[in-house]
Amino acid sequence: AQTVTQSQPEMSVQEAETVTLSCTYDTSESNYYLFWYKQPPSRQMILVIRQEAYKQQNATENRFSVNFQKAAKSFSLKISDSQLGDTAMYFCAFMNDNDMRFGAGTRLTVKP
Amino acid sequence: GAVVSQHPSRVICKSGTSVKIECRSLDFQATTMFWYRQFPKQSLMLMATSNEGSKATYEQGVEKDKFLINHASLTLSTLTVTSAHPEDSSFYICSAEGLAGGPFEQYFGPGTRLTVT
């Protein structure tokens, strides 16, 4: 079964600084998707960024970018120019045809 | 880490029938469970929040009579899609939140893929 590991339960960053959230996963498959979701206290899940495994180019969405290392099975999220509104839980997730697996989450706090 | 299971993992049903999806916390007591539905490009929408022994709280726009949620025990919540239609075909994910030796932590199930024909 696939597993997703987020080794940083909590992180903090100063406003306007850059922070990187780590995520590793384990799978024997070659085709899959990887995601980062942001979860505010409302428990909504906001898709931050997605990456198709077959694409070598790292996905980027405005201030959010990933470092996808397929061989190392690593999928870290970089948030540039951190804003107070970025404070939330962040979940890394893996998905194939059969199921979806989430990491345990990283609680990010952006400090003014 | 804590484990959350969903059953079934895949289900195909005919239009007009009802289907029940179970979400179980296997090694902890879940005070709260959440149900999500996946939309195109894998966005996730929170459908409802359920607390053991009380009525579920549905998000705006979610039909509570169509998506019946029951949180019968601290380890089990069920989502019943009633009178299913093809547009209900989707990937449904639950998560469970419980006290795990510290602050509340949330764990996700592997999802259930529903196909309505």
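Below you will find a few notes about this structure. (Residues numbered from 1 in each chain as written. Chains lettered and ligands numbered in written order. Predicted model: local features only at pLDDT ≥ 70, side-chain atom pairs only at ≥ 80, totals over all residues. Heavy atoms only, no water.)

## As for the packing of aromatic side chains
Link 1 in the chain: If you walk through the whole model with that rule in mind, you get 13 aromatic pairs over all chains.
Link 2 in the chain: A ring pair is formed by tyrosine 25 of chain A and tyrosine 32 of chain A, whose centres lie 5.4 Å apart and whose planes are at 65 degrees; its orientation type is edge-to-face. Accessibility classification places tyrosine 25 of chain A together with tyrosine 32 of chain A in one group, the buried group.
Link 3 in the chain: Put simply, the rings of Tyr33, Phe35, Tyr37, Phe91 and Phe102 of chain A together with Tyr36 and Phe108 of chain B pair up and form one aromatic cluster.
Link 4 in the chain: Taking the ring centre of phenylalanine 67 of chain B as reference, the NZ or CZ of lysine 66 of chain B above it sits at 6.0 Å. (Phe/Tyr/Trp six-rings, centres within 6.5 Å; stacked < 30°, edge-to-face > 60°. Buried < 20%, exposed > 50% of the residue type's maximum accessible area, 1.4 Å probe, protein only. Lys NZ or Arg CZ within 6 Å of the ring centre and 35° of its normal.)

## Let's talk about the state of the cysteines
Residue and element names in this part refer to chain A.
Link 1 in the chain: Applying the stated rule across the entire model yields two disulfides over all chains.
Link 2 in the chain: There is a disulfide in this structure between cysteine 23 and cysteine 92, and the S-S distance comes to 1.9 Å. One quick way to see it: the torsion about the S-S bond of cysteine 23 and cysteine 92 is about -70 degrees, and its sign makes the bridge left-handed. Remark: cysteine 92 occurs in strand S10 (residues 88-95) and cysteine 23 occurs in the loop between strand S3 (19-21) and strand S4 (24-26); sequence separation between them is 69 residues. Here the two residues cysteine 23 and cysteine 92 agree in accessibility, since each one is buried. (Disulfide = S-S within 2.5 Å. Helix = DSSP H or I, 4+ residues; strand = E, 2+ residues; numbered from the N terminus.)

## Observations concerning the pairing of strand S3 (residues 19-25) of chain B
Residue and element names in this part refer to chain B.
Link 1 in the chain: Residues Val19, Ile21, Cys23 and Ser25 line the buried face of S3, whereas the alternating positions Lys20, Glu22 and Arg24 sit on a face that is not buried.
Link 2 in the chain: Note: strand S1 (residues 4-7) against S3, four bridges, orientation antiparallel. Counted as the bridge partner of histidine 7 is glutamate 22 from S3.
Link 3 in the chain: As defined by bridge partners, S3 adjoins strand S8 (residues 76-81) across six bridges and the pair is classed as antiparallel. Residue pairing in the sheet places isoleucine 21 in a bridge with leucine 79 of S8. (Pairing = 2+ DSSP bridges.)

## Considerations on the pairing of S8 of chain B
Side-chain positions along a regular strand alternate between the two faces of the sheet.
Residue and element names in this part refer to chain B.
Link 1 in the chain: When you tally the buried positions in S8, you get six out of six residues, the bulk of the element.
Link 2 in the chain: Burial along S8 is two-sided: Leu76, Thr78 and Thr80 facing one way and Ser77, Leu79 and Val81 facing the other are all buried.
Link 3 in the chain: Judged from the five bridges that link them, strand S7 (residues 67-73) and S8 form a sheet pairing that is antiparallel. Bridged to asparagine 70 within S8 is threonine 78.
Link 4 in the chain: Adjacent in sequence and paired antiparallel, S7 and S8 are bridged by two residues.

## Regarding the pattern of salt bridges
Link 1 in the chain: Applying the stated criterion to the full structure yields eight salt bridges over all chains.
Link 2 in the chain: Where aspartate 99 of chain A meets arginine 101 of chain A, a salt bridge forms, and the shortest distance between an N and an O atom there is 3.0 Å.
Link 3 in the chain: Look at arginine 101 of chain A and you get partly exposed, because its relative accessible area is 25%.
Link 4 in the chain: A salt bridge links aspartate 88 of chain B to lysine 66 of chain B, with the nearest nitrogen and oxygen atoms 2.8 Å apart. (Salt bridge = Lys/Arg side-chain N within 4 Å of Asp/Glu carboxyl O.)

## Quick look at the environment of arginine 113 of chain B
All names here are of chain B.
Link 1 in the chain: Tracing the backbone shows arginine 113 in strand S11 (residues 112-116).
Link 2 in the chain: When its relative accessible area of 26% is taken as the criterion, arginine 113 is described as partly exposed.
Link 3 in the chain: Between the C-alpha atom of arginine 113 and that of serine 9, which follows or precedes it by 104 residues, the distance is 6.2 Å.

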